[in-house]
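Okay, here's what each chain looks like letter by letter:
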Amino acid sequence: MSGFIAVHTGAGNCVDETKYQRVIKEACVRATDILKNGGSAMDACEAAIMRLENCGNTNAGFGSNLCWDGYVQCDASIMNGNNLHFGACTNVTTVKNPIQLARVICEGQERMLSMERIPPMVMAGQGAERYAEEMGCAMIEPSALISSKAKFSYNHYKSKVAKLTKSSSPSAEGTVTPDTSSALDTVGAVCVDSTGNSAAGCSSGGLLLKVPGRVGQAATYGAGCWATDTDAASVATCTTGNGEYLMKTFLAKEICTDLFTTECAVTSLHKTFKTKFLESPFLPAHQDLYGGALSVIYYPKNGGGEVLWSHTTKSFCVGYMSTQQKMPKVGVN
């Protein structure tokens, strides 16, 4: 096997898939080109997500949902299945590609800082932005991350809240539920390279009208993405949906753990979603639980594997491609 990439543009409801097919294809092609030229799973995963962040139609990077105060605050994370290192950033407003910063932080786990200080695994806000600039990440003005589409959705739902509550308090956010079709959620990618090493990553602008400073699953260890390589298998997962619920259930890690101990990957993913998400005692029993996950499992002994996904929403936009394919496969499920 030379390599494999799978990406998603979020779990949502009643989306117009034509907006996402092109960028999904481009992300897959870009990633497989990297794999064909000897790049690592981390290289390909980062590149695919950067393409999704830059397109303007997804809720990640440029085009992200706006917070209650009208600004973008992005989260992202990436995990290396080979060495189990993880890096994440949250509440960044001036980093063009949050996944790039997450990758830099992840790579920093390989070495101690001066005087044997432990390197950061998750960085937030202005400190993360200063670090990104120091490390050569592409920087941008906060306003440049705001798309016309995101601004329209913000104004539409902010005015609804104002009419119902006549309040400027962030606590009023819960009185109006934005239509999930107005913007999809977290984007993500899972990848396996020619050596059998895996990587997983995700990036998100978070909930529309979220309280500024809120941290989502895309920056949370065990919730947004997970990747683990063993002699028997390489497994990687990235999630999307209600961030707080994904964090409470450590869904990404749970999915990967269960995939390692099953004879049927499809049955395992279904069972994990049912017992550890939909039926979780940590989540409200009488409320819609929106979630989705994209996973890949690779068996180095026979050179085979599977790509699989599950979601509780009406739609889930995914695409995947191996280095042996001429074109990626894309669909809305």
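Reading guide: rules and limits
As a convention, each chain's residues are numbered from 1 in the sequence order in which they are written. Whole-chain, interface and lining totals are the exception, using all residues; otherwise, since this is a predicted model, local features are given only for residues with pLDDT of at least 70 and side-chain atom pairs are given and counted only at 80 or more. The side-chain figures draw on all heavy atoms in the structure; neither hydrogens nor water molecules are used. Secondary structure counts use DSSP, requiring at least four H or I residues in a row for a helix and at least two E residues in a row for a strand, with both numbered from the N terminus. Just to be clear, the radius of gyration here is over C-alpha atoms, and the globule rule we use is 2.2 Å times residues to the power 0.38. Each residue gets one of three labels from its accessible area relative to the maximum for its type: buried under 20%, exposed over 50%, partly exposed in between, using a 1.4 Å probe on protein chains only. Contacts: residue pairs with any heavy atoms within 4.5 Å of one another. Whenever two N or O atoms come within 3.5 Å, that pair is a polar contact, provided that in protein one can donate a hydrogen and the other can accept it, and provided that, for residues adjacent in sequence, both atoms are side-chain atoms. When DSSP locates at least two bridges between a pair of strands, those strands are taken to pair. Note on definitions: angles span 0 to 180 degrees between N-to-C directions of axes, and those axes are lines fitted to C-alpha atoms, for helices only across the stretch in contact. UniProt positions are given in the numbering used here, feature names are shortened, and annotations may be inferred rather than shown by experiment. Two rings from Phe, Tyr or Trp (for Trp, the six-membered ring) form a pair when their centres are within 6.5 Å of each other. A pair whose planes differ by under 30 degrees is stacked, one over 60 is edge-to-face, and the rest are tilted. Note on criteria: charge over ring means Lys NZ or Arg CZ within 6 Å of the ring centre, with the direction from the centre no more than 35 degrees off the ring normal. Nonpolar cores are built from buried Ala, Val, Leu, Ile, Met, Phe, Trp, Tyr and Cys residues. Side-chain atoms within 4.5 Å join them into one set.

1. Concerning the overall build of the protein chain
1) Next: Helix and strand counts for the protein chain stand at eight helices and 12 strands.
2) Next: Taking 20 Å as the expected radius of gyration for a compact globule of 333 residues, we find that the protein chain reaches 19 Å, a close match to that expectation.
3) Next: With the C-alpha coordinates aligned to their principal axes, the bounding extent of the protein chain is approximately 65 × 45 × 40 Å.
4) Next: Put simply, the protein chain has 333 residues, and 54% of those count as buried.
5) Next: In the protein chain, once contacts between residues fewer than 6 apart in sequence are set aside, the share between residues at least 24 apart is 69%.

2. A few points about the environment of Thr-195
1) Next: When you line up the elements, Thr-195 lands in the loop between strand E5 (187-193) and strand E6 (198-204).
2) Next: By relative accessible area, Thr-195 is classed as exposed at 58%.
3) Next: Placed 193 residues apart in sequence, Thr-195 and Ser-2 show a C-alpha to C-alpha distance of 7.9 Å.
4) Next: Engagement of the side chain of Thr-195 in a polar contact is seen with the side chain of Asn-197, the distance being 3.0 Å.

3. Examining the side chain of Thr-32
1) Next: Topologically, Thr-32 is positioned in helix H1 (residues 18-36).
2) Next: At a separation of 3.0 Å, a polar atom in the side chain of Thr-32 contacts the main-chain carbonyl oxygen of Val-29.
3) Next: Leave out the neighbours within four places in its chain, and Thr-32 touches Ile-5, Met-321, Ser-322 and Thr-323.

4. So, the sheet that holds strand E4 (residues 122-124)
1) Next: Strand order in the open sheet made by the eight strands is E4-E3-E2-E6-E5-E1-E11-E12, with mixed pairing throughout. Lying at the two open borders of the sheet, with one neighbouring strand each, are E4 and strand E12 (329-332). Across the sheet, the mean angle from the axis of one strand to that of its neighbour is 10°, orientation sign disregarded.
2) Next: Here strand E3 (residues 86-92) runs beside E4; their pairing, made up of three bridges, is parallel. In the sheet register, Cys-89 faces E4, and the bridge partner there is Met-123.
3) Next: Sheet contacts for helix H4 (residues 125-134): E3 and E4; angle to E4, the most-contacted strand, approximately 105°.

5. Observations concerning the UniProt feature "active site" (unreviewed entry) in the protein chain
1) Next: The feature "active site" (unreviewed entry), as annotated in UniProt, sits at Thr-186 in this numbering.
2) Next: Turning to its location among the elements, Thr-186 is positioned in the loop between helix H5 (148-165) and E5.
3) Next: Overall, Thr-186 belongs to the buried group, its relative accessible area being 0%.
4) Next: Discounting residues that sit within four places of it in the chain, Thr-186 has contacts with His-8, Thr-9, Gly-10, Cys-202, Ser-203, Ser-204, Gln-217, Ala-218, Thr-239 and Thr-240.

6. So, the pairing of strand E2 (residues 74-80)
1) Next: Across the seven residues that make up E2, a large majority, seven, are buried.
2) Next: Taking every second residue as pointing to the same face, both faces of E2 are buried, with Cys-74, Ala-76, Ile-78 and Asn-80 on one and Asp-75, Ser-77 and Met-79 on the other.
3) Next: Pairing geometry for E2 and E3, over five bridges, is antiparallel. Considered in E3, the bridge of Ile-78 is made with Gly-87.

7. Some details on the pairing of strand E1 (residues 3-12)
1) Next: Summarising burial for E1: 10 of the 10 residues are buried, a large majority.
2) Next: Relative to strand E11 (residues 315-322), E1 is paired through seven bridges, and the arrangement is antiparallel. What sits directly across from His-8, in E11, is Val-318.

8. Details of the packing of aromatic side chains
1) Next: The tally for this structure, following the rule as stated, stands at five aromatic pairs.
2) Next: Geometrically, the ring pair formed by Trp-309 and Tyr-320 is tilted, given 6.0 Å between the ring centres and 40° between the ring planes. Placement of Trp-309 in strand E10 (residues 304-311) and of Tyr-320 in strand E11 is noted, with a sequence separation of 11 residues between them.
3) Next: Since its relative accessible area comes to 26%, Trp-309 is described here as partly exposed.
4) Next: Against the face of Trp-68 rests Lys-158, its NZ or CZ located 4.6 Å from the ring centre.

9. Looking at the nonpolar core
1) Next: Ile-5, Val-7 and Leu-101 are the most contacted members of the largest nonpolar core, which has 49 residues in total.
2) Next: Excluding its chain neighbours within four sequence positions, the residues that come into contact with Val-7 are Ile-24, Ala-27, Cys-28, Ala-48, Leu-52, Gly-188, Ala-189, Leu-294, Cys-317, Val-318 and Gly-319.
3) Next: Counting 40 residues, the second largest nonpolar core, distinct from the first, contains Ala-88, Ala-252, Leu-308 and Phe-316.

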